[in-house]
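# Understanding the architecture of this molecule
Residue-level listing of the chains:
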Amino acid sequence: MTTETTKHPENPLLKLIFEMGPLLLFFAANSRPQWFAPLLSKFLPEHLITGPQAGIFAATAVFMVAMLVSVTLSRLIVGKAPIMPLVSAVVVLVFGGLTLWLQDDHFIKLKPTIVNGLFGVVLMGGLFFGKSLLSIVLDSVFRLSDAGWRKLTFRWALFFFFLAIVNEVVWRNFSTDFWVNFKVFGIMPITMAFALAQTPLIMREQVTPADKT
């Protein structure tokens, strides 16, 4: 007798809420730290949430909590915690914690560089060892040929490296507010545009379950 693992279909709206919710709260806390100050004052030193860098420190604290809530709700509602958001949440907690502990916003600004660079290295490393790791994440969404998965994985690895480089350029050359705005409202459209650009490859390399047997 065999048992099958039940896969919960992903609701696109829920997925968008889980991904964008923490980012929007990050933006709101950076723009209006006073909205969150009464709650944050119970956990953070007053000078962090009232000083000249109150925005980014408040945003970091709110972002950490929001990512934890997002991953937890995803696990409870969808039945699983997606790999990429889970890894991102761990890095947010580590680098966000360092940001607040050392009172240095460089750590939270480095987080996208670390996460995207890590994803790129892992995907490239998988290809080096003959594994298209992206298929593990997206196999329930797409059914592609082995060559298709290799091509798609390679493209996403390069894109993650691109995002890491862009983040470095932005945070090192522009203001904190500009970086926050770009992180919240720039990265997502760029990522969606790149994902849509992969449609011809996906359609060309798509196979039916019978083709894979």
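Residues numbered from 1 in each chain as written. Predicted model: local features only at pLDDT ≥ 70, side-chain atom pairs only at ≥ 80, totals over all residues. Heavy atoms only, no water.

### A look at the overall build of the chain
Helix and strand content of the chain: eleven helices and zero strands. Going residue by residue from the N terminus, the α and β elements of the chain occur as α-α-α-α-α-α-α-α-α-α-α. The principal-axis extent of the C-alpha atoms belonging to the chain is close to 65 × 40 × 25 Å. Scored against the burial criterion, the 213 residues of the chain give a buried share of 40%. Considering only residue pairs separated by 6 or more positions, the chain has 71% of its internal contacts joining residues 24 or more positions apart. Accessible area for the chain stands at about 12400 Å²; split by element, carbon and sulfur atoms hold 69% of it. Taken together, the 17 basic and 12 acidic charged side chains of the chain have centroids lying 3 Å from each other. (Helix = DSSP H or I, 4+ residues; strand = E, 2+ residues; numbered from the N terminus. Buried < 20%, exposed > 50% of the residue type's maximum accessible area, 1.4 Å probe, protein only. Contact = heavy atoms within 4.5 Å. Areas by Shrake-Rupley, 256 points an atom, 1.4 Å probe, with all protein chains shown as cover. Lys, Arg positive; Asp, Glu negative; His and termini not counted. Charge placed at Lys NZ, Arg CZ, Asp CG, Glu CD.)

### Brief notes about helix H4 (residues 54–77)
Over its 24 residues, H4 extends 34 Å from the first C-alpha to the last, a length consistent with the 34 Å expected when each residue adds 1.5 Å. A positive backbone phi angle near 100° is found at Gly79, which sits one or two residues after H4. (Expected span 1.5 Å × (residues − 1).)

### Topic: a nonpolar patch on the surface
A surface patch of nonpolar side chains, about 460 Å² in accessible area, is lined by Val65, Val69, Leu73, Leu76 and Ile77. Take Leu73: it is sitting in helix H4. Leu73 sits in the partly exposed class, given a relative accessible area of 35%. (Patch = residues over 30% accessible without salt bridge, like charges linked within 9 Å, V, L, I, M, F, W, Y side chains within 5 Å. Salt bridge = Lys/Arg side-chain N within 4 Å of Asp/Glu carboxyl O.)

### Here we look at the nonpolar core
Counting 33 residues, the largest nonpolar core has Phe26, Leu40, Ile56 and Trp179 as its most contacted members. For this core, the secondary-structure elements that each account for two or more residues are helix H1 (12–31), helix H2 (33–40), helix H3 (46–50), H4, helix H5 (83–102), helix H8 (146–173) and helix H9 (176–185). For this core, the element with the highest residue contribution is H4, accounting for ten residues. Not counting chain neighbours up to four residues away, the residues in contact with Trp179 comprise Phe26, Ile56, Ile108, Lys109, Pro112, Asn167, Val170 and Trp171. In terms of nonpolar packing, the next biggest core, distinct from the first, is built from 17 residues, Phe95, Leu144, Ala157 and Ile202 among them. (Core = buried A, V, L, I, M, F, W, Y, C linked by side-chain atoms within 4.5 Å.)

Functional significance is not addressed by these values, which are geometric in nature.
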